[in-house]
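Observations on the three-dimensional arrangement
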Amino acid sequence: MKKIDVLDFDGTLYEKDSSKEFFKYCLKKNKKIILIIPKIIIYFILNSLDLISIEKLKECFFEFLNYINDIDKYIEDFWKNNKKYIRTNLLKKCKNEVVIISASPKFLLEPICKELSINYLIATDIDKNTGKFKGLNCKGKEKNNKLNKEIKEYKICDFYSDSYSDEPLASKSENAYFIQKDKIENWNYQHKKSLDLKEIIRYSFIGVLTMIITLLTYYLLTFTILNPTNKLQLQLANIISWLLAVIFSYLCNRKYVFNSTNKNIKKEMISFFSSRLFTLVIDMLGMHITVSVFNLNDKIMKIIVQIIVVILNYVISKFLVFRRKQWKK
């Protein structure tokens, strides 16, 4: 049985995201690539709604390769400028044969792995000239499948990654470590702790954006066509601003905060909108009591009420809408 040490690439052995960095590098050298960005945004939204696969989204992303004439030269120059971000100290910790396994394109990682004398590279097989996929995206359980095909009998001694999607590999490893910047922590406890923190940070950021959309819509309506001193018009402004904010919030929370993989998107959306209906009632009630009953300033009270609503929405989303499986002890 072959003893191996397995490392994820992006965010682990390499400090950054190689695909995104390569895209930015190519964009600087060829401005025409900017033409595909609107299409990428559309495909991103479709993927967020589970209307297209991650393979289709990434194929769209890698369409920028069509604008590059000498792809091998681009890759060579890219790594000359970016190999300084390789964590060579992590490789020194490995006592067994090193296996790199990544969702990034194999053609992009092959040159740097060869330079680092890494014999085993398992990554997503993508045509370097067209961006078309030749197989499945190498992520999650697919990493295990590809590893099983590459090496028939093996034992993972040490495993390193910065992503919870690698839990299937971590669970098969003798020792699993979570990479957070330049820190190496025990997988189980530290990974859960860091993910929870990232979740709160991301939710806070998206919550602020959602609140801005709500407030801007509300202020625009009440400064132009609706009168906040009229009870019905006040609540109409509330409902319209709520609806726009909820649509934005669902797309962002599903993809970036709670990383939902629920295939029953219809049920999930109903659950999400139902939970937001509850907080809409809280919103409307709060505005009614503070503005219509006590005659307080509606612009100030809208901000205070929204802060309460954002907190309630996080609790409901985390524990009712986007519930995850329990962490392993």
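Let me begin by describing the structure that accompanies this report. No experiment lies behind these values; they were computed from the predicted model shown. (Residues numbered from 1 in each chain as written. Predicted model: local features only at pLDDT ≥ 70, side-chain atom pairs only at ≥ 80, totals over all residues. Heavy atoms only, no water.)

This part is about unusual backbone geometry. Note on backbone geometry: most residues besides glycine have negative phi, and most peptide bonds are trans. You will see that Ser-117, though not glycine, has its phi angle at about 60°, which is positive. Looking at the element boundaries, Ser-117 is found in the loop between α6 (106-115) and β3 (120-124). Note on Ser-117: relative accessible area 59%, which makes it exposed. Phi is positive for Asn-295, close to 60°, though the residue is something other than glycine. Residue position: Asn-295 is located in the loop between α11 (265-293) and α12 (298-321). For Asn-295, a relative accessible area of 64% translates into the label exposed. (Helix = DSSP H or I, 4+ residues; strand = E, 2+ residues; numbered from the N terminus. Buried < 20%, exposed > 50% of the residue type's maximum accessible area, 1.4 Å probe, protein only.)

Looking now at the pattern of salt bridges. Inspection of every chain in the model, using the stated rule, returns 14 salt bridges. Residue Asp-72 is joined to Lys-128 by a salt bridge in which the shortest nitrogen-to-oxygen separation is 2.8 Å. Of the two residues, Asp-72 sits in helix α4 (residues 71-82) while Lys-128 sits in the loop between β3 and α7 (141-150), which places them 56 residues apart along the sequence. With its nearest N and O atoms 2.8 Å apart, the salt bridge here joins Lys-155 to Glu-174. Linking Lys-155 in strand β4 (residues 154-161) with Glu-174 in the loop between α8 (167-170) and β5 (175-180), this pair joins segments that are 19 residues apart in sequence. Taking relative accessible area as the criterion, Glu-174 reaches 48% and is therefore assigned partly exposed. A single network of salt bridges, built from pairs that share partners, joins Asp-8, Lys-143 and Asp-166. (Salt bridge = Lys/Arg side-chain N within 4 Å of Asp/Glu carboxyl O.)

Here we take up α4. If you check α4, its first and last C-alpha atoms are 16 Å apart, about what twelve residues at 1.5 Å a residue would give, namely 16 Å. Inspection of α4 places Ile-71, Tyr-74, Ile-75, Asp-77, Phe-78, Trp-79 and Asn-82 among the buried residues, and these make up the whole buried set. For α4, the elements touching its buried residues are α1 (18-29) and α6. (Expected span 1.5 Å × (residues − 1). Contact = heavy atoms within 4.5 Å.)

Quick look at the side chain of Asn-137 now. Within the secondary structure, Asn-137 sits in the loop between β3 and α7. Engagement of the side chain of Asn-137 in a polar contact is seen with the side chain of Lys-58, the distance being 2.9 Å. At 3.3 Å, the side chain of Asn-137 forms a polar contact with the side chain of Thr-124. Here Asn-137 is in contact with Ile-54, Glu-55, Lys-58, Ala-103, Thr-124 and Glu-142, once residues within four sequence places are set aside. (Polar contact = N/O pair within 3.5 Å; in protein donor to acceptor, adjacent residues only side chain to side chain.)

So, on to the pairing of strand β2 (residues 97-105). As a general feature of sheets, a regular strand has side chains that alternate between the two faces. Most of β2 is tucked away: eight of the nine residues are buried. Bridge count between strand β1 (residues 2-7) and β2: four bridges; the pairing is parallel. Directly across from Leu-7, in β2, lies its bridge partner Ile-100. Bridge count for β2 against β3 is four bridges, and the pairing is parallel. Bridge pairing in β3 links Ile-101 to Ile-122. Considered for its hand, the β-α-β crossover made up of β2, α6 and β3 is right-handed. (Pairing = 2+ DSSP bridges. Right-handed = clockwise from strand over helix to strand, strands pointing away.)

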